[in-house]
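Geometric and topological summary
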Amino acid sequence: MTPKRGYRRGYPVAVLVGFEEDRAVLWRVFSNVVKPEKTLWLDGNRGDPKAAYNFHESIINALRPAFKEGVRSAILASPPRTNHAQEFIMHVREHHAWLVQGPNEVTFSVTAGSAGTLSEVAVLTRASQFRRQVKETTSEETEHLVNTLEKRLNTQSENNVVLYSLKETEDLIFNAWKPGKPKPEQLMVTDKYLSESREKNRIHRLLQIASNKNVRTRIVDAESVAGKRLTQLGGLVCFAQLK
């Protein structure tokens, strides 16, 4: 991803799943645009428990890359008078509790509306209710980030390291990890830190390499709860832990 392309689409904010009777359409929500990701088809009918289970599992598997990258907000859209989104949440709670509790918790919210086509998504995302819901969902997510951040700040040790320097973070992430050394786990920067830095290319490169090395990355709205706390710490924070 080049910085120019990244600027046009902005930074990842959430995932949007549009549920229909026979399929689910996944979208990536960026700060500037929404982009299609994948369409998953239901093999069978919703009344068949096995078909429904396999369908929901395919959605989880398709969402894993976004969650692995650090996106922790998911908006589930289904047409009015349907309960497709609620059925999916029930599946998550029953079979993937790690997504709704603990350090990898994802914030799920449900909205009424269709998001199966680009034109439907355009209508949905223009609605003030949807924009408000995105803000509320990501705000809840940032509260989880703050809790994680404060917990890590309060437990710093040789085995639990928090870095605030761009250079120190580059040294940690660019170098090959060796047993006995802290392993980077998560990198967070505010959008303001990124936009105002004279080192944009360095930061974009760091985020890309971190993502390639399976380090969770997150660009956080500087005006959010987590963003304000990150700003107090300089705008960049990297967690590392001795493995």
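Let me sum up the structure you'll find in this document.

1. A short note on empty space enclosed by the protein
The final tally for this structure, using the stated rule, is 1 cavity of 30 Å³ or more. The space that makes up the largest cavity amounts to roughly 60 Å³. Lining the largest cavity are Val15, Leu26, Trp27, Arg28, Glu37, Ala62, Leu63, Pro65 and Ala66. Broken down by element, the lining of the largest cavity gets its largest block of residues, 4 residues, from helix α2 (residues 49–69). For the lining of the largest cavity, the class distribution of residues is 7 nonpolar, no polar and 2 charged.

2. Considering the pairing of strand β8 (residues 216–220)
Judged by how many residues are buried, β8 sits mostly within the fold: 4 of 5 residues are covered. In terms of strand pairing, strand β7 (residues 182–190) meets β8 through 5 bridges, oriented parallel. Bridging across to β8, Leu187 finds its partner in Thr217.

3. What about the sheet that holds strand β2 (residues 23–30)?
Strands sit in the order β3-β2-β1-β4-β5 across an open sheet of 5 strands; the sheet is mixed. Among the strands making up the open sheet, the edge pair consists of β3 (34–41) and β5 (107–112). Across the sheet, the mean angle separating the axes of adjacent strands is 20° when strand polarity is ignored. Alignment of β2 against β3, held across 7 bridges, turns out to be antiparallel. Within β3, the residue paired with Ala24 across the bridge is Leu40. Strands β1 (12–19), β4 (73–78) and β5 of the sheet are contacted by helix α3 (residues 84–95), whose axis makes an angle of about 165° with β5.

4. Overview of the side chain of Glu185
By the secondary structure assignment, Glu185 is in strand β7. Residue classification places Glu185 among the buried positions, given a relative accessible area of 17%. Setting aside anything within four residues of it in sequence, one finds Glu185 in contact with Arg152, Val215, Arg216, Phe239, Ala240, Gln241 and Lys243.

5. Comments concerning the layout of surface pockets
Its volume calculated, the second largest pocket comes out at about 510 Å³. Residue lining of the second largest pocket: 25 residues in total, with Val13, Val134, Lys135, Thr138 and Asp221 positioned closest to the centre. Those elements that place two or more of their residues in the lining of the second largest pocket are β1, β2, α5 (128–154) and β8. Of the residues forming the lining of the second largest pocket, the biggest block, 9 residues, is contributed by α5. Of the residues that constitute the lining of the second largest pocket, the class distribution is 12 nonpolar, 7 polar and 6 charged.

6. Re the packing of α2 against α3
Two elements in contact, α2 and α3, have axes whose closest approach is 10 Å; the angle formed by their N-to-C orientations is 80°. By the angle between their axes, α2 is roughly perpendicular relative to α3. On the side of α2, the interface is formed by Tyr53, His56, Glu57, Ile59, Ile60 and Leu63, while α3 contributes Glu87, Phe88, His91, Val92 and His95. Tallied by class, the residues present in the contact of α2 with α3 amount to 6 nonpolar, 3 polar and 2 charged.

7. Observations regarding unusual backbone geometry
Positioned with a positive phi, Arg81 is a non-glycine residue whose angle comes to about 65°. Along the chain, Arg81 turns up in the loop between β4 and α3.

8. Structural notes on the environment of Lys35
Mapped onto the elements of the fold, Lys35 is located in strand β3. Between the C-alpha atom of Lys35 and that of Leu16, which follows or precedes it by 19 residues, the distance is 9.6 Å. When near neighbours in sequence (up to four residues on either side) are disregarded, Lys35 contacts Arg9, Trp27, Arg28 and Phe30.

9. Examining the pairing of β1
Among the 8 residues that make up β1, 7 are buried, leaving the element largely enclosed by the rest of the structure. Sheet topology places β1 next to β2; 7 bridges connect them, and they run antiparallel. Looking at β2, one finds that Phe19 is bridged to Ala24. Here β1 folds back onto β2 in antiparallel fashion, the turn holding 3 residues. In terms of strand pairing, β1 meets β4 through 4 bridges, oriented parallel. Its bridge partner being in β4, Val17 is matched across the sheet by Leu76.

Conventions and cut-offs
Residues numbered from 1 in each chain as written. Predicted model: local features only at pLDDT ≥ 70, side-chain atom pairs only at ≥ 80, totals over all residues. Heavy atoms only, no water. 1 Å grid on protein atoms, 1.4 Å probe; cavity = no way out; pocket = protein on both sides within 12 Å on 5 of 7 lines; lining within 4 Å. Points joined across faces, edges and corners; volume = space filled by probe spheres on them. Helix = DSSP H or I, 4+ residues; strand = E, 2+ residues; numbered from the N terminus. Nonpolar A, V, L, I, M, F, W, Y, C, P; charged D, E, K, R; others polar. Buried < 20%, exposed > 50% of the residue type's maximum accessible area, 1.4 Å probe, protein only. Pairing = 2+ DSSP bridges. Axes fitted to C-alpha atoms, helices over the stretch in contact; angles between N-to-C directions. Contact = heavy atoms within 4.5 Å. Parallel < 35°, antiparallel > 145°, perpendicular 65-115°, else oblique.

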